[in-house]
Amino acid sequence: MTGGDTPRGRLRDRLKPGKWSDLRKRFGWGALLLVIGIVLLLSSGLWMRLGVSVIAGLMMWELARLTGWRHPEFHSPRHPVLIGLLSGLVLLTMLVLSGDKPLLLILLPILAGLPGTHSHERPAYVLFTVAILGAAYALVAMREVMGLATVFWIVATVVQSDVLGYFVGRKVGGRKFWPSISPKKTWSGTLAGWVGALVLALGLWVSGLGTWPVLLVGPLLAIAGQFGDIAESWLKRRVGAKDSSQLIPGHGGVMDRFDAMSGALLLALVLMLVHLLPIIGG
């Protein structure tokens, strides 16, 4: 019997530093991102629009690199930067101008980016552009229409799902949720995120801050967030990238941190448009 086959050996293997080696860096930068996110949500008007536009521009810079601009021998490395700047300015314009017509400006980064996107990745580029800018637009719209408490609920649902999925998935392990696309995501972590969303919604309902539909919408938001994460994992796996970029130590890129949030915000936007998104505290 080898050392790893004994109870003490198995315990030692479970406690190997490598399994949690990235935790300190991940936690530190995660806390910083959380503070930035809270400050952004507490802001309003032009400052919030500027902040959201910067985040969306960074995500579009990463998307342009992933889908075709990653090889300077074929394309100028300046183009992803230009796509990011254009996207940020387009989103800011969409958020500042009133009415529905400015939403058509989303076609500008699509048309500007397609010539440099690999032919196989053009459908993905279009879909992710709409998702990124649409989710950013949804965040500002819901902040102003549905109120701060409702947006905090959506954000908290996604954050707890991500945190529980990380810790429960690593601690419990078990069967993989979608191994061909996201090999690290487990069923245990996924289910933990759903349960956490339900518990959060239950707390809002019991406290009188939310009506009973939060019990249905909460887990749905968690699921939408998880599929936003899976969608980005699919894209990275397709183009052979581990992270969307290296902008955030321990977390990868901006898309890596806001992919789940984008999925949840898009679902919340649809629910808001059909008057099915609960208002928290209202």
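Here's what I pulled together on the structure shown here. What you see is a predicted model, and the numbers here were worked out from it, not measured in a lab.

### Here we look at the packing of helix α7 (residues 148-172) against helix α10 (residues 254-273)
- It is the contact of α7 with α10, at a shortest axis distance of 10 Å, that shows an interaxial angle of 140°. With respect to their mutual orientation, α7 and α10 come out oblique. As for the relative orientation of α7 and α10, their crossing is right-handed in sense. Together, I154, V155, V158, V159 and D162 of α7 and R257, A260, M261, A264, L265 and A268 of α10 make up the contact between the two elements.
- Looking at the contact of α7 with α10, its residues break down into 9 nonpolar, no polar and 2 charged.

### Describing the nonpolar core
- Counting residues in each nonpolar core, the largest one holds 53 residues, and the members touching the most others are V52, L63, M142, W153, I154, L235 and L277.
- The element best represented in this core is helix α6 (residues 122-145), accounting for 12 residues.
- No fewer than three residues from each of domain 1 (41-146) and domain 2 (147-281) sit in this core.
- Excluding residues within four positions of it along the chain, L235 makes contact with L63, L66, T67, A124, F128 and M255.

### Re the side chain of T190
- Structurally, T190 can be placed in helix α8 (residues 187-206).
- Accessibility expressed as a relative area gives 2% for T190, which makes it buried.
- Excluding residues within four positions of it along the chain, T190 makes contact with F177, K185 and Q226.

Rules behind the numbers
- Residues numbered from 1 in each chain as written.
- Predicted model: local features only at pLDDT ≥ 70, side-chain atom pairs only at ≥ 80, totals over all residues.
- Heavy atoms only, no water.
- Axes fitted to C-alpha atoms, helices over the stretch in contact; angles between N-to-C directions.
- Helix = DSSP H or I, 4+ residues; strand = E, 2+ residues; numbered from the N terminus.
- Parallel < 35°, antiparallel > 145°, perpendicular 65-115°, else oblique.
- Left-handed = near helix turned anticlockwise from the far one by under 90°.
- Contact = heavy atoms within 4.5 Å.
- Nonpolar A, V, L, I, M, F, W, Y, C, P; charged D, E, K, R; others polar.
- Core = buried A, V, L, I, M, F, W, Y, C linked by side-chain atoms within 4.5 Å.
- Buried < 20%, exposed > 50% of the residue type's maximum accessible area, 1.4 Å probe, protein only.
- Domains from an automatic or database assignment.

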